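Read off the chains here:
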Amino acid sequence: MKNLKTLNVLVVAAAAAALMLFAPMPGAGQDKQKGGKGGKGKGGPPGAEQYGPYYAAPVTAGQPVGKTPDGQPDMQGFWTPRFNQAIFEIQDHPKAQPGIGPGKGAIVDPADGRIPYKPEAAEKAKELLTKQIYLEPEAHCYVSGVPHAAYQQFGYQIVQPAGYVLFLTEYAHTYRAIPTDGRPHISPNVKLFRGDSVGKWDGGTLVVDTTNQNGKTWFDMAGNFTTPAIHVVERFTPVDTNNINYEAVVEDPSIYTQPWKIAGQLGRHPDQNMELMEFACVEGNQDLVHYTEGVGGKAKEKGALTK
Amino acid sequence: MAGQAYKAPRTPEGNPDLQGFWQVMNTAAVNLEDHIATLGMPAGLSVVVDPPDGKIPYTPAAREKQKENYKNRAKADPLNICYIPGVPRAMYLPFPMQIVQTPKYVLIASEFAHTLRMIYMNGTKHPDVALFWIGDSRGHWEGETLVVDVANHLPDTWFDRSGNFHSDALHVVERITRTEPDILTYEATLEDPQVFTRPWTIRMLLYRHKEPDFKLLEYECNAYLEDAEKESQ
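Residues numbered from 1 in each chain as written. Chains lettered and ligands numbered in written order. Predicted model: local features only at pLDDT ≥ 70, side-chain atom pairs only at ≥ 80, totals over all residues.

## So, the overall build of chain B
Piece 1. When you go through chain B residue by residue, the secondary structure sums to three helices and 10 strands.
Piece 2. Start at the N end of chain B and walk to the C end: the helices and strands fall as β-β-α-α-β-β-β-β-β-β-β-β-α.
Piece 3. Expected size for 233 residues packed as a compact globule is a radius of gyration near 17 Å; at 18 Å, chain B falls within 12% of this value.
Piece 4. Seen through its principal axes, chain B has C-alpha atoms that stretch 50 × 45 × 40 Å.
Piece 5. Counting the 233 residues in chain B, one finds 40% classified as buried. (Helix = DSSP H or I, 4+ residues; strand = E, 2+ residues; numbered from the N terminus. Rg over C-alpha atoms; globule rule 2.2 N^0.38 Å. Buried ≥ 20, exposed ≤ 12 C-beta atoms within 10 Å, placed from the backbone.)

As structure tokens, this is what we get:
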């Protein structure tokens, strides 16, 4: 192991660098749109499409969906999300913002591709966008909420032991465990970053109901915030061994005038022998030094908030 | 475990089934060695079963370093700044863990900071290019026992709150056996010639959580640390 010693610094630096790719730097949005390579440290395969800071597997037809030993439709393996540029902003965002290039979001209802905010909530989102450089939750290494976890950077691995569907994400080296045994949600008094998810199979579709989120996560980097009243119903429909259709309906009467819906696809990663690396977010994170608003924060001095 | 009578039920692929929610009921997270109580920290007996005196066989210099770590533990314990705990520390924190098994992997998900351990069961070797906070785990079955070889450790993790530590030469071999329906016997042998004079072994029991609909909640350490820092300003 001794020969590896000098690599310590590299590992930590790699984690920090990966985060920097994701954490917005003033004027860096354009670069991210073209330059990202994904969490594996190698570029996408030929034909791969660029989505946000990671690549997505090219769309290729697969075989009919198989079954796990306990009879669930088999979605196991490594997946890359195709959700346009939703990871930057979930709404359509034709105009560039500091740190966020123009692009399409993932909202399919309402048809204008925008979140149906109530007026005061729209004001709040607009205000947060101006401060996203240091308020964006992932720059603080918070785990993503739902549905953000479904279009997480670097993609994820799905495993399906009996009675569960697990999503293992490279980002922040974390997991999401969804029981499919018909149990109810936990007490509404317990709020969690990732919320409480329960799943069931509706024919060939995994339906995941998520409540109990703590309102500290965002949908993206652009200030589109959540509250603890959020309720999300996701539908994962494997269409063949290489493709999963994804939909999520988001409701929160406290800030939206109507429920809204996002849609995207998951493509099977061409390398199914890959291994998730350790994205040690907290350990490599320099962002708090640079971006926090409080003591030690340098965002203002650096002019990061100038528009 | 040699001479063991209990035989665990099997997974569909024929391996002992270790799945479920598990947690220790000891104070190894405070100190692996014998320790008296301190404020907020209960007393406990050593979980070191070899050497028989229950003491970690440090070199003299390393013992001095451990004592210094102990003195500075409030600031120096990597867990206090929410770093990934490493192995074996991840296994005896006072937080529940979920073990799940697929034909290729054994996964250990801890409630502490959403920490995920992936144990590869497909005969692959440790990568030679990287060190990890949680190490790199490759396992195989020896009868009833899951044997996990853990290497590629970053040197920055500790074993407990008392400053017990290692270098990047650490090599851990874990042996996990379902010795009763609701008990896993956990054993780990630790070698690190830079810090210890000989290999040593810890052993403890993990108990099954049997509450109905039990599930992992979350302990997002870094978020609470940030809150605490804000409050103290």
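Now that the structure has been shown, we can carry on.
## Here's the deal with the interface of chain A and chain B
Piece 1. In this assembly, 34 residues from chain A lie in contact with 36 residues from chain B.
Piece 2. Those elements giving two or more residues to the side of chain A that touches chain B turn out to be α1 (7-22), β6 (164-169), β7 (174-179) and α5 (281-284) of chain A.
Piece 3. A per-element tally of the side of chain A that touches chain B places β7 of chain A first, with four residues.
Piece 4. Classifying every residue of the side of chain A that touches chain B gives 23 nonpolar, five polar and six charged. (Contact = placed C-beta atoms within 7 Å. Nonpolar A, V, L, I, M, F, W, Y, C, P; charged D, E, K, R; others polar.)

## Concerning unusual backbone geometry
Piece 1. Cis rather than trans, the peptide bond between V146 of chain A and P147 of chain A has omega equal to 10°.
Piece 2. For P147 of chain A, the location among the structural elements is in the loop between α4 (132-135) and β5 (156-159).
Piece 3. The residue after D50 of chain B, namely P51 of chain B, is reached through a cis peptide bond having omega 5°.
Piece 4. Within the secondary structure layout, P51 of chain B lies in the loop between β2 (48-50) and α1 (60-71).
Piece 5. Look at C82 of chain B: it is not a glycine, yet its phi comes out positive at around 70°.
Piece 6. The topology assignment puts C82 of chain B in the loop between α2 (73-76) and β3 (97-101).
Piece 7. In this structure, N152 of chain B is a non-glycine residue whose phi angle is positive, near 60°.

## Observations regarding the nonpolar core
Piece 1. Core analysis: the largest hydrophobic core is formed by 113 residues, its most contacted members being I158 and L166 of chain A together with V106 and L107 of chain B.
Piece 2. If one sorts the elements of this core by residue count, strand β4 (residues 105-110) of chain B sits on top with five residues.
Piece 3. Not counting residues within four places of it along the chain, the set of residues in contact with L166 of chain A comprises I158, V159, Y175, R176 and A177 of chain A together with V100 of chain B. (Core = buried A, V, L, I, M, F, W, Y, C linked by C-beta atoms within 7 Å.)

## Quick word on the confidence of the model for chain B
Reading predicted coordinates in detail is not appropriate for stretches of low pLDDT.
Piece 1. Of the residues in chain B, 99% reach a pLDDT of 70 or more, and the chain-wide mean stands at 95.
Piece 2. Scored as a complex, the prediction yields pTM 0.84 and ipTM 0.88. (pLDDT = per-residue confidence, 0-100.)

## Re the pairing of β3 of chain B
Residues and elements named next belong to chain B.
Piece 1. Within β3, five of the five residues are buried, leaving the element largely enclosed by the surrounding structure.
Piece 2. Here β3 shows two buried faces, one formed by M97, I99 and Q101 and the other by Q98 and V100.
Piece 3. Pairing of strand β1 (residues 20-24) with β3, which is carried by three bridges, proceeds in the antiparallel orientation. Residue G20 lies in a different strand from β3, and its bridge partner there is I99.
Piece 4. In the sheet, β3 pairs with β4 via five bridges, with the strands oriented antiparallel. Across the sheet, the residue bridging to V100 is L107, located in β4.
Piece 5. Count of turn residues in the β3/β4 antiparallel hairpin: three residues. (Pairing = 2+ DSSP bridges.)

## Brief notes about the environment of T177 of chain B
All names here are of chain B.
Piece 1. Looking at where T177 falls in the secondary structure, it is placed in strand β8 (residues 171-180).
Piece 2. By the C-beta count within 10 Å, which is 22 here, T177 ends up buried.
Piece 3. Each C-alpha atom, one on T177 and one on K65, is 34 Å from the other, the two residues being 112 residues apart in sequence.

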